[in-house]
Amino acid sequence: MAVWALGINHTTAPLDLRGRFAFALDQIAPTLQGLRQSLAGSAARHPGVETAIISTCNRTEIYCAGDQPALDHTLGWLAQSGGVSPALLRSHSYTLEDSLVARHAFRVASGLDSMVLGEAQILGQMKDAVRAAETAGALGTTLNQLFQRSFAVAKEVRTSTDIGAHSISMAAAAVRLAGQLFEDLSQIKVLFVGAGEMIELCTTHFAAKNPKQIAIANRTLERGEKLATRFGGEVMRLADLPERLHEFDAVISCTASSLPIIGLGAVERALKKRRHRPMFMVDLAVPRDIEPEVKALGDVYLYTVDDLATVVQTAQANRQAAVAQAEAIIDAGVQSFMHWMELRSPTAAEGGVVPLIQQLNAQTDAWRAAEIARAKKLLAKGEDMDAVLEALSRGLTQKMLHGTLAELRAGDAETRAQTAQTVSRLFLRSQSKTAGNGL
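Keep in mind the model is a prediction, meaning the values are calculated, not measured.

Draft legend 1. Here's a closer look at the overall build of the chain. The number of helices and strands found in the chain is 18 helices and ten strands. Taking 439 residues into account, the globule formula puts the C-alpha radius of gyration at 22 Å, and the chain, at 30 Å, lies well above it. The principal-axis extent of the C-alpha atoms belonging to the chain is close to 100 × 50 × 50 Å. Considering the chain as a whole, with its 439 residues, one finds that 43% of them fall into the buried category. Sequence separation of 24 or more characterises 70% of the internal contacts of the chain that already satisfy a separation of 6 or more.

Printed below as a string of structure tokens:
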């Protein structure tokens, strides 16, 4: 099996380009179906290819596994889905194969490739993406192993290092920026647009500053009410947002809308009603929730996810020590995954290790079934149970050792000596270890 990946992230592509390739969670299944059909129908023929898509505000990545890599076809398909030329996408993307795919996935899951170094949210987003791929029937043995090992590596990194101890989350960064604009955050009114995980984090951080008012605007009132009740705020409909925008000093937005929901005109009218008192706005959505032209208004301080990058880069020296530890854990994880891949690949001489293991398991199962059937017949005849168990164990032992003993007796002296070394290594290893441990 070949493994390949294609992606764009906050370091390779600007915000608006990333917005073209942002997939909501409910879009993942049909998108994966389209990709798999495209790969299966390509000239290279990739039937049954495994696929998964991770899409967040900072990245969109496609992971695939199949008989042979199809990076060019995958890139062409993604470019078409986003309405851009393959050349443009190629200039802002990265492509990976085999061990580099594993290393990248492990680093992403561990928070080493995030805008906020060590942030934990990406791990949950990856798990959601894997569940979506599994539900869509697009996940197979290889990608499942890749992602499960990613989660295991991420857990080890977070428990064994201080990688997350020195990070500043996007939510904390938003509060810090607001504090630079307003002298007293307890005197401001804050509007949160959306009710997802990121808005919940932001609301938690701002609520700790005891603002004068908290409001949640969401398309679904029920979900908005749940969040508003938790923080003692009010809930409002998205449709009412343009008329009430002027009431709020700070606006933090993060929805899954494919189009901006706060336009330039609405903000201009709000500023007029506020008599041009400043407004602090944070757009954490990809694609954007707030039209980019708003940033040009003199009394508005608008920040996007990319603008927050400089705020979260702190405690560099402390983080680097943790990064070195994390990279060592990831190295071990990559080696383990590639070893697993090698075991599954056929070799020229032996036809592969996995088929041989399967044959051995099938043979021992057949021996076991035969001896159990024999034992059941003896018990049905009234034979003594201890005698039956003795016969069963002896029968299994004889079957398993028959071929080995025959090989030890056959051939010339040199062949017998080589066979003896192999048999000692395979069958007597536990005895030597036990003796060495003084047991």
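Draft legend 2. Representation of the packing of aromatic side chains in the model. If you walk through the whole model with that rule in mind, you get four aromatic pairs. Measuring from ring centre to ring centre gives 5.8 Å for F192 and F206, while their planes differ by 70°; the resulting arrangement is edge-to-face. Remark: F206 occurs in helix 9 (residues 197–207) and F192 occurs in strand 5 (residues 189–193); sequence separation between them is 14 residues. When the ring centre of F151 is taken as reference, the NZ or CZ atom of K127 above it lies at 5.6 Å.

Draft legend 3. The arrangement of a nonpolar patch on the surface in detail. On the surface, L379, M385 and L389 cluster together to form a nonpolar patch covering roughly 290 Å² of accessible area. Along the chain, M385 falls in helix 16 (residues 385–409). A relative accessible area of 52% means that M385 is categorised as exposed.

Scoring rules and cut-offs
- Residues numbered from 1 in each chain as written.
- Predicted model: local features only at pLDDT ≥ 70, side-chain atom pairs only at ≥ 80, totals over all residues.
- Heavy atoms only, no water.
- Helix = DSSP H or I, 4+ residues; strand = E, 2+ residues; numbered from the N terminus.
- Rg over C-alpha atoms; globule rule 2.2 N^0.38 Å.
- Buried < 20%, exposed > 50% of the residue type's maximum accessible area, 1.4 Å probe, protein only.
- Contact = heavy atoms within 4.5 Å.
- Phe/Tyr/Trp six-rings, centres within 6.5 Å; stacked < 30°, edge-to-face > 60°.
- Lys NZ or Arg CZ within 6 Å of the ring centre and 35° of its normal.
- Patch = residues over 30% accessible without salt bridge, like charges linked within 9 Å, V, L, I, M, F, W, Y side chains within 5 Å.
- Areas by Shrake-Rupley, 256 points an atom, 1.4 Å probe, with all protein chains shown as cover.
- Salt bridge = Lys/Arg side-chain N within 4 Å of Asp/Glu carboxyl O.

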